[in-house]
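Chain by chain, the residues run as shown.
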Number of protein chains: 2
Amino acid sequence: MRQTTIIDIAKKLDISPSTVSRALSNHPDISQETKARVRAAADEMDYRPNTIAQNLQKKQSQIIGVVVPQVKHYFFAEIMAGVTDVAYQAGYTVMICQSNEDFEREKSNIDVLISHRVAGLLVSVSSTTTDCHHFQRLVRRGMPLVFFDRVCDHVEASTVVVDDMEGAFRATEYLIGKGYQRIAHMAGPPFLSISRLRRTGYENAMRQCGRPVHPEWIIQAGLNEEDGTSAAEAMLSRLNPLPDALFCVNDPVALGAFVKFKERGVRVPADMALVGFTDGPIASMIDPALTTVRQPAYLLGKSAAELLLEQIRHRESRKNPVHKVLKTELIIRQSA
Amino acid sequence: MRQTTIIDIAKKLDISPSTVSRALSNHPDISQETKARVRAAADEMDYRPNTIAQNLQKKQSQIIGVVVPQVKHYFFAEIMAGVTDVAYQAGYTVMICQSNEDFEREKSNIDVLISHRVAGLLVSVSSTTTDCHHFQRLVRRGMPLVFFDRVCDHVEASTVVVDDMEGAFRATEYLIGKGYQRIAHMAGPPFLSISRLRRTGYENAMRQCGRPVHPEWIIQAGLNEEDGTSAAEAMLSRLNPLPDALFCVNDPVALGAFVKFKERGVRVPADMALVGFTDGPIASMIDPALTTVRQPAYLLGKSAAELLLEQIRHRESRKNPVHKVLKTELIIRQSA
DNA sequence: TTGAAAGCGCTAACAG
DNA sequence: CTGTTAGCGCTTTCAA
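All figures in this text were calculated on a predicted structure; none of them were measured in a lab.

*Asks:* How should the overall build of chain A be read in this particular structure?
*Replies:* When helices and strands are tallied, chain A shows twelve helices and twelve strands. The C-alpha radius of gyration computed for chain A amounts to 26 Å, which surpasses the reference 20 Å derived for 336 residues by more than 25%, pointing to a less compact arrangement than a globule. Projecting the C-alpha coordinates of chain A onto the three principal axes gives extents of approximately 90 × 40 × 30 Å. For chain A, the share of sequence-separated contacts (at least 6 apart) that also reach a separation of at least 24 residues comes to 73%.

*Asks:* Looking at this structure, I do not really get the protein's contact with DNA strand C. What am I missing?
*Replies:* If you check the shell around DNA strand C, you find 24 residues, and the closest are Thr5(A), Ile6(A), Ser18(A), Ser21(A) and Thr19(B). When contributions to the surface near DNA strand C are tallied by element, the ones reaching two or more residues are helix H1 (6-13), helix H2 (17-24) and helix H4 (51-58) of chain A together with helix H2 (17-24) and helix H4 (51-58) of chain B. Across the surface near DNA strand C, the residue classes break down as nine nonpolar, 13 polar and two charged.

*Asks:* Explanation requested: the interface of chain A and chain B in the structure shown.
*Replies:* Reports often express the size of an interface as the amount of accessible area lost when the parts come together. Taken together, the contacts link 40 residues of chain A with 40 residues of chain B. Listing elements by their share of the side of chain A that touches chain B, those giving two or more residues are H4, helix H5 (74-89), strand E2 (93-98) and helix H6 (103-115) of chain A. For the side of chain A that touches chain B, a count of residues per class yields 22 nonpolar, eleven polar and seven charged. In this structure, E2(A) lies alongside strand E2 (residues 93-98) of chain B, joined through three bridges in antiparallel fashion. In the sheet register, Met95(A) faces E2(B), and the bridge partner there is Met95(B).

*Asks:* It is not clear to me how the relation of the copies chain A and chain B should be interpreted in this structure. Could you clarify?
*Replies:* The relation between the two copies of this chain is a rotation about an axis and a shift parallel to it. When chain A is fitted to chain B, the residual RMSD is 0.1 Å, and the transformation amounts to a turn of 180° plus an axial shift of 0.0 Å. One copy is carried onto the other by what is essentially a two-fold rotation axis.

*Asks:* Before we go on, may I ask you to explain the protein's contact with DNA strand D in this structure?
*Replies:* In the vicinity of DNA strand D, 25 residues are found, and the nearest of them are Thr19(A), Asp29(A), Thr5(B), Ile6(B) and Ser18(B). Residue assignment for the surface near DNA strand D shows that the elements contributing at least two residues are H2 and H4 of chain A together with helix H1 (6-13), H2 and H4 of chain B.

*Asks:* Just to check I follow, could you spell out the sheet that holds strand E12 (residues 329-331) of chain A for this structure?
*Replies:* Residue and element names in this part refer to chain A. Overall, mixed pairing links the six strands, which are arranged E7-E6-E8-E9-E10-E12 in an open sheet. The open sheet terminates on both sides in strands that have one partner only, identified here as strand E7 (218-220) and E12. Across the sheet, the axes of successive neighbouring strands diverge by a mean angle of 20°, strand direction being ignored. Pairing between strand E6 (residues 183-187) and strand E8 (residues 245-248): four bridges, direction parallel. Paired with alanine 184 across the bridge in E8 is leucine 246.

*Asks:* What is the right way to read the pairing of E2(A) from this model?
*Replies:* All names here are of chain A. Across the six residues of E2, six count as buried, placing the element largely inside the fold. Side chains Thr93, Met95 and Cys97 project from E2 onto one buried face, and the interleaved Val94, Ile96 and Gln98 project onto a second face that is buried too. Bridge count between strand E1 (residues 63-68) and E2: six bridges; the pairing is parallel. Across the sheet, the residue bridging to valine 66 is isoleucine 96, located in E2.

*Asks:* So what exactly am I meant to see when it comes to unusual backbone geometry here?
*Replies:* Generally, phi is negative for residues other than glycine and the peptide bonds are trans, each holding for most cases. Backbone torsion omega between Val268(A) and Pro269(A) reads 5°, so that peptide bond is classified as cis. Tracing the sequence through the fold places Pro269(A) in the loop between helix H11 (251-264) and strand E9 (273-278). Of note, the amide linkage connecting Asn240(B) to Pro241(B) takes the cis form, showing an omega dihedral of 5°. Mapping Pro241(B) onto the fold places it in the loop between helix H10 (225-238) and strand E8 (245-248). Even without being glycine, Glu101(B) reaches a positive phi, approximately 60°.

*Asks:* For this particular structure, what's the right way to read the nonpolar core?
*Replies:* One broad trend across soluble globular proteins is that nonpolar side chains are buried collectively. Ranked by internal contacts, the top residues of the largest apolar core, which has 110 residues, are Ile64(A), Leu122(A), Ile64(B) and Leu122(B). Apart from residues lying up to four places away in sequence, Leu122(A) is in contact with Ile64(A), Gly65(A), Val66(A), Val83(A), Val146(A), Phe148(A), Ala304(A), Ala305(A) and Leu308(A). Counting 96 residues, the second-largest nonpolar core is a separate cluster that includes Met165(B), Val249(B), Ile282(B) and Ala336(B).

*Asks:* Quick question: what am I supposed to make of the sheet that holds strand E12 (residues 329-331) of chain B here?
*Replies:* The pairing of strands in a sheet happens through backbone hydrogen bonds and is either parallel or antiparallel. All names here are of chain B. Across the sheet, which stays open at both edges, the six strands sit in the order E7-E6-E8-E9-E10-E12 with mixed pairing between neighbours. For this open sheet the edge positions go to strand E7 (218-220) and E12, each flanked by a neighbour on one side alone. Neighbour-to-neighbour, the strand axes of the sheet open up by a mean angle of 20°, direction not taken into account.

Basis of the calculations
- Residues numbered from 1 in each chain as written.
- Chains lettered and ligands numbered in written order.
- Predicted model: local features only at pLDDT ≥ 70, side-chain atom pairs only at ≥ 80, totals over all residues.
- Helix = DSSP H or I, 4+ residues; strand = E, 2+ residues; numbered from the N terminus.
- Rg over C-alpha atoms; globule rule 2.2 N^0.38 Å.
- Contact = placed C-beta atoms within 7 Å.
- Near = placed C-beta within 6 Å.
- Nonpolar A, V, L, I, M, F, W, Y, C, P; charged D, E, K, R; others polar.
- Pairing = 2+ DSSP bridges.
- Least-squares fit on C-alpha atoms with pLDDT ≥ 70 in both.
- Axes fitted to C-alpha atoms, helices over the stretch in contact; angles between N-to-C directions.
- Buried ≥ 20, exposed ≤ 12 C-beta atoms within 10 Å, placed from the backbone.
- Core = buried A, V, L, I, M, F, W, Y, C linked by C-beta atoms within 7 Å.

As structure tokens, then:
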């Protein structure tokens, strides 16, 4: 598609391209009359500035690069909404890549975004990411970078997360307070910060209340519904006596377990209390409704984007990483 | 962030930038030895090609622009997953904008994407979009453009949609076959193609089975859960006798109505059969599980992206818009 | 097999 | 107030 350029306008008006450029950017030096003529011509010729050329010249773009594990997960989709809104307000556009929880793809996504000379990077690492050296290099070279939700330790970058440990602690504490005796935990992929923190929150609450932490009560699962279902299957066949309460690393896993329990006639909450983490749109819709830890997803995306913009605009802020922790809230419903 | 350029490499190796460029793109003219040296240096210096410069030179980018009403809606998030995957495979990146169902923002999104000289555009129009002239202009000027799900009539662009009318027809037909007597419909925003088609499908099924189409049985709603809730509220207070079945424009609306029914003691399906459209992740989780028309969201995104790539790569295909219609499937569960 | 030079569209000194 | 010029990083003729 052939687009009108500043030169086309200049020719038509018989003035120089620089005058057109200045007129378009409302430079004070240019006369009102010229500005008016230029604007009229630009309008008529359907001129759209070539951001590519502008960016090349300015040696940086107004693009925010985002890498998420899976766009379709409600949690990330909601975060994206926050990011996109903030970016739009600030005149930035977002370029989005999904890693599909694959480390290699994550690296290649980053490369692509770097090649596009994005102004900054927003990333939530994949569950298979164990090596964070490429992030360290980026930061060292001055690339504005903010991790959200799933962070890389040992990287001097700003982060925005929720109080995973605290949220998990409160949820477990709540179950203990309700008198449940055998409280199990379905944990997420071990390398992920969120998995570790939530698990630790669970363990701390147990210990602090004088409960033993039985290793067999910690069931390794993933992050998806299927993982919850299969982990529940395993739990049902292996544990005797069965736990009477289950705190899951996130909603999807809790929902997967819920489905299995229903299928097997395990009543929630009578036989098994159930608590999730996220408070996605499904939580309140199931019966019994899911007790869960609410994460402010939109706000998380918004904050991450704001932090990144701050870093993009102020070089110094890059040196002082900020670690923002958003409050979660235990939403008590019928499942526990 | 200062990035290594082709010139840095050239200086270091004491050869010309053009040689470096050619070596990097594996040009046959360059000797193996030079190529090896260049590649080694590029690696060592952590060189990343400047896509902006490449694009400026090629006068087009490897970016696909996407405009959706709301990224956080499951349906669109899933579509995005399809788009993103296809784009990644083909070496394209996706730039995403959300219109938030606002016509002005939609236009401004398009402007931004055009300014970035995207290779093509994928759009699902907002519910407030009634004027499609800007799209017509784009197409006339040769911009590859594919509408998905929500299309603009009278624009010579390719489209990928599901068989909305057919899906709605089958759903309604099913309700009739089950013996329901007073089948109502909650319709979406009137300007949207999907709203009109689904409504028509409902009406056609009613007529074809010799049922009268009572205007008061068609309740105007929106597309979100809140809309379903308030529409149900209105229905409950205004209609007497109450319908005994309700076909909704989409899942969220059905879910919103479901919540209201539960609250008011209207039993589903005993007092009111309920059918949705989409088959999002909530549908199967509620109790009774929602009977709904399944839309292949991921496939829709994938097809739209493929169609767009085709148009980007082959000029001629732009002249012959393709209209792809994906099959839906009636998923029968317990709510009807 | 390699180098020099021009140009993609735009901005910003510098000059007038 | 406006024009000239150079240059952002890269590719690509045209020459050598």
